[in-house]
Amino acid sequence: MKMIVAIVQDEDLDKLIETLTEESISSTSLPSSGGFLREGNTTLLIGIDEDRVDEVIALIKQECKSRTKITATPITTGWISTVYNPQVIEVPVGGATIFVLDVEQFKKI
Ligand code: 2BA
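Residues numbered from 1 in each chain as written. Predicted model: local features only at pLDDT ≥ 70, side-chain atom pairs only at ≥ 80, totals over all residues. Heavy atoms only, no water.

(A) Geometry of the site of the ligand. What surrounds the ligand is the set Ile7, Gly34, Gly35, Phe36, Leu37, Asn41, Val91, Pro92, Val93, Gly94, Thr97 and Phe99. Phe36 is positioned such that a nitrogen or oxygen atom in its backbone is 2.9 Å from an oxygen atom of the ligand. Thr97 is positioned such that a nitrogen or oxygen atom in its side chain is 3.2 Å from an oxygen atom of the ligand. Contact with the protein chains hides 52% of the accessible area of the ligand, taken as 750 Å² for the molecule alone. Per-element accounting of the shell around the ligand gives the leading share, three residues, to strand β5 (residues 82-93). (Near = heavy atom within 4 Å. Polar contact = N/O pair within 3.5 Å; in protein donor to acceptor, adjacent residues only side chain to side chain. Areas by Shrake-Rupley, 256 points an atom, 1.4 Å probe, with all protein chains shown as cover. Helix = DSSP H or I, 4+ residues; strand = E, 2+ residues; numbered from the N terminus.)

In structure tokens form, the structure reads like this:
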């Protein structure tokens with residue numbers, strides 16, 4: 001058993017979950033945000049048999065597009081407001097950032 005942790009862009013989420021569900025692949029999505037852009041993204045947890053890991057990665061690759069985002073990078077983040085660098089930059093984002101972890105035990109009780 002493996003745990004795939006995939007950080008995906010919100011724009012790709014619905015189609016990706018639809019595709020995974022069609023293939024009987026269970027997932028849990030958690031709202032998250034990137035440390036660099038400080039924008040929302042989604043972290044998917046997918047517990048899967050080892051022999052299906054490559055299939056899942058291929059489906060994520062199929063549904064998650066690379067994009068560029070134009071952003072003003074934060075200089076400091078305070079309690080009330082964030083100060084942004086006045087120069088905007090263009091950064092590539094995605095398709096997806098994927099970690100594959102070993103699962104010691106998997107139980108549904
Ligand atoms: P963010 O941290 O918001 O990063 C968004 C994009 O900004 C990144 O796209 C990358 O192209 C760029 N970027 C990130 N850090 C940078 C830096 N210090 N200087 C210049 N550009 C930088 P992706 O690499 O596709 O990452 C998309 C999202 O995946 C990230 O959002 C973050 O939420 C997650 N992520 C990426 N690598 C990770 C890692 N090693 N550990 C945990 N999460 C990661």
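(B) Just the pairing of strand β2 (residues 28-33), in detail. Bridge count for β2 against strand β3 (residues 40-48) is six bridges, and the pairing is antiparallel. Bridged to Ser29 within β3 is Leu44. Hairpin geometry of β2 and β3 is characterised by an intervening segment of six residues between the two adjacent antiparallel strands and by a positive phi of about 60° at Arg38. (Pairing = 2+ DSSP bridges.)

(C) Highlighting the side chain of Thr43. Mapped onto the elements of the fold, Thr43 is located in strand β3. Reaching out from Thr43, the side chain makes a polar contact with the side chain of Ser32 at a distance of 2.8 Å. With sequence-adjacent residues up to four places away left out, Thr43 is seen in contact with Val5, Ala6, Ile7, Thr28, Ser29, Leu30 and Ser32. (Contact = heavy atoms within 4.5 Å.)

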